[in-house]
Amino acid sequence: MTIEELKKHLDEVNLIDVREKEEFDKGHIEQARNIPLSTLEYQLDAFDPAQTYHLICRSGKRSARAGDILEQRGIKTVNVTGGMLAWEETAE
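Q: If you had to explain the overall build of the protein to someone new, which residues and values would you point to?
A: Scanning the protein from N- to C-terminus turns up four helices and four strands. When its helices and strands are written in sequence order, the protein yields α-β-α-β-β-α-β-α. Radius of gyration (C-alpha) of the protein: 12 Å, near the 12 Å computed for a compact globule of 92 residues. Along the first, second and third principal axes, the C-alpha set of the protein runs to 35 × 25 × 20 Å. For the protein, long-range pairs separated by at least 24 residues make up 58% of all intrachain contacts whose partners lie at least 6 apart in sequence. Surface exposure of the protein reaches about 5500 Å², of which carbon and sulfur atoms provide 47%.

Pasting the structure below:
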């Protein structure tokens, strides 16, 4: 999913920011919930297999890895391409 698509559907998606807490605290999308990639495997009970989760990080690499981890466990995910770097570029 692109940043433009995310902005159009922001209130309709389960957005998970997989950056570390320190990064998240420096700036994040208001609707995002922070579950760092480093703790993801310990927080799998936070995910409902009936839902789809949109994942974001700084550039899209960690969120892609998080997606792989979740998909292997039957949790549907969508990676936000470009991550927060792309979000910041389109900030109004």
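Q: I'd love a proper account of the packing of aromatic side chains, names of residues and values included.
A: For the structure on display, the rule yields one aromatic pair. With a centroid separation of 4.9 Å and an interplanar angle of 80 degrees, the aromatic rings of Phe47 and Tyr53 are classed as edge-to-face. Neither residue differs from the other here; Phe47 and Tyr53 are each classed as buried. The ring of Trp87 has Lys7 sitting right over it, with the charged end atom 4.8 Å from the ring centre.

Q: Any chance you could break down the environment of Gly60 for me, citing the residues and the numbers?
A: For Gly60, the location among the structural elements is in the loop between β3 (52-56) and α3 (61-72). The class of Gly60 is buried, set by a relative accessible area of 10%. A C-alpha to C-alpha distance of 18 Å links Gly60 and Ile75, two positions 15 residues apart in sequence. Residues within four places of Gly60 in sequence aside, it is in contact with Asn79, Val80 and Gly83.

Q: Which residues make up the side chain of Arg19, and what values go with them?
A: Here Arg19 shows up in the loop between β1 (14-17) and α2 (21-26). On the basis of relative accessibility, which here comes to 6%, the residue Arg19 falls in the buried class. Here the side chain of Arg19 touches Asp17 through a polar contact of 2.8 Å, side chain to side chain.

Q: How would you summarise the sheet that holds strand β4 (residues 76-79) if you had to cite specific residues and measurements?
A: One key point about sheets: their strands pair by backbone hydrogen bonds, in either a parallel or an antiparallel sense. Read across the open sheet, the four strands follow the order β2-β1-β3-β4; overall the sheet is parallel. Looking at which strands have only one partner, the edges of the open sheet turn out to be β2 (33-34) and β4. Pairing of β1 with β2, which is carried by two bridges, proceeds in the parallel orientation. In the strand pairing of β2, Asp17 is matched with Asn34.

Conventions and cut-offs
- Residues numbered from 1 in each chain as written.
- Predicted model: local features only at pLDDT ≥ 70, side-chain atom pairs only at ≥ 80, totals over all residues.
- Heavy atoms only, no water.
- Helix = DSSP H or I, 4+ residues; strand = E, 2+ residues; numbered from the N terminus.
- Rg over C-alpha atoms; globule rule 2.2 N^0.38 Å.
- Contact = heavy atoms within 4.5 Å.
- Areas by Shrake-Rupley, 256 points an atom, 1.4 Å probe, with all protein chains shown as cover.
- Phe/Tyr/Trp six-rings, centres within 6.5 Å; stacked < 30°, edge-to-face > 60°.
- Buried < 20%, exposed > 50% of the residue type's maximum accessible area, 1.4 Å probe, protein only.
- Lys NZ or Arg CZ within 6 Å of the ring centre and 35° of its normal.
- Polar contact = N/O pair within 3.5 Å; in protein donor to acceptor, adjacent residues only side chain to side chain.
- Pairing = 2+ DSSP bridges.

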